[in-house]
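# Structural overview
Residues per chain, in single letters:
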Amino acid sequence: MFRTSHALAALAALALTLTGCTSTADDPTDPADLPAAQTLLVDGAKAMAEVKSAHFVIDVAGKISGVPLKRAEGDLTQEGSAQGTATVEQFGAAIEAKFVIVGDKAWLQAGTGGYQQFPLTAAAQVYDPSAILDPQRGVAKLLGTIKSATTQAKETVDGRETYKIQVEPDPTALAALVPGVGTGVTGFLWLDATNKQLVKGEFTVPAKGSDPAGTVTVTFSKYNEPVTISAP
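Below: a short report on this structure. Keep in mind that this is a model prediction, so the values were computed, not measured.

Here is what the cut-offs are and how they apply
Residues numbered from 1 in each chain as written. Predicted model: local features only at pLDDT ≥ 70, side-chain atom pairs only at ≥ 80, totals over all residues. Heavy atoms only, no water. Phe/Tyr/Trp six-rings, centres within 6.5 Å; stacked < 30°, edge-to-face > 60°. Lys NZ or Arg CZ within 6 Å of the ring centre and 35° of its normal. Helix = DSSP H or I, 4+ residues; strand = E, 2+ residues; numbered from the N terminus. Contact = heavy atoms within 4.5 Å. Buried < 20%, exposed > 50% of the residue type's maximum accessible area, 1.4 Å probe, protein only. Pairing = 2+ DSSP bridges.

## Quick look at the packing of aromatic side chains
Centre-to-centre distance and the angle between the planes together describe a pair of aromatic rings. One pass over the structure, following the stated rule, counts 2 aromatic pairs. The ring of Phe188 carries the charged tip of Lys164 above its face, separated from the ring centre by 4.6 Å. Over the ring of Trp190 we find Lys200; its NZ or CZ atom is 4.5 Å from the centre of that ring.

## With respect to the side chain of Asp75
Of note, Asp75 is situated in strand 3 (residues 69-77). Setting aside residues up to four positions removed in sequence, Asp75 forms contacts with Ala54, His55, Phe56, Ser81, Ala82, Gln83, Val227 and Ile229.

## Section: the environment of Gly74
Here Gly74 lies in strand 3. Those residues in contact with Gly74 that sit more than four places away from it in its chain are Ala54, His55, Phe56, Gln83 and Gly84.

## Digging into the pairing of strand 4 (residues 82-90)
Taking every second residue as pointing to the same face, the buried face of strand 4 carries Ala82, Gly84, Ala86, Val88 and Gln90, while none of Gln83, Thr85, Thr87 and Glu89 on the other face is buried. Looking at chain direction, strand 3 and strand 4 are connected through 7 bridges and run antiparallel. The residue of strand 4 that forms the bridge with Leu76 is Ala82. Between strand 3 and the antiparallel strand that follows it, strand 4, lie 4 residues; Gly80 among them carries a positive phi value of about 105 degrees. In terms of strand pairing, strand 4 meets strand 5 (residues 93-102) through 9 bridges, oriented antiparallel. Its bridge partner being in strand 5, Thr87 is matched across the sheet by Glu96. Hairpin geometry of strand 4 and strand 5 is characterised by an intervening segment of 2 residues between the two adjacent antiparallel strands and by a positive phi of about 55 degrees at Phe91.

Rendered as C-alpha cells:
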C-alpha cells in the first residue's frame, strides 16, 4: 500500500496534469489584439466539460514536495477510468509501474510482479483520478476559477494553433486535482485556438522546505477518441 499510495500521488500531477512537446511563438500579434483571457478560459471550461476521453503525457522537472512523479503517460475517461505507465522516484531510485483504474478499483504493477488490486477509496485522500475530467472538479473547474489571467501570444504546439495564457490558478480548485499543493503556484495554459480544448499546461510549484521549486508540464491529445479500459 505504501508504494501504491505514492504511485497514486504521482498520478495526481495529472490535473496539471501535462514538457514533452514544442511550442513556437509564430504570431507577432500585439497581446492587446488577442482574445481576452477570461473569454478564452470560459470557452475552455465549457469545452473541457464535454470531453469524454483523452491521452496525456506528464513530465516533472525538479523535486516537488509530496509528488514523486517523474513521468507518466496514458489514457483517461470522464468516468474516472485510467490506464498507462508512470515513473516515480522512491528512496532515490526510479520505479516504473503500470496502472489501471476502473470504477472504485485500482491495479498497480511494478517491476516483474503481477498487478496488485486495491480499493480506490484507500488512496482517494491522496488522489482521486475521477476528478481529472469531471466537469465539477477537474480541469474544467480549474479553468473556470482562474484568479488572474493574461493572453500573451498565439503559438503552435504540436502542430495545433493555440493561445498562450499566463495564469494564477485558484488554490482550492488546484488542490482538488493535486492534494498538498499550496498557494503561490503560477503557470501557463495553451488552449486550442479553434475548439478551446486544453493542449498544454505548465505550472511552477514554489519551493517548500528543503525542496526547491519545480515544474509540472502536461499535454493532452486524442480528445474523445475511443478508449477501452478494463481490469487486468
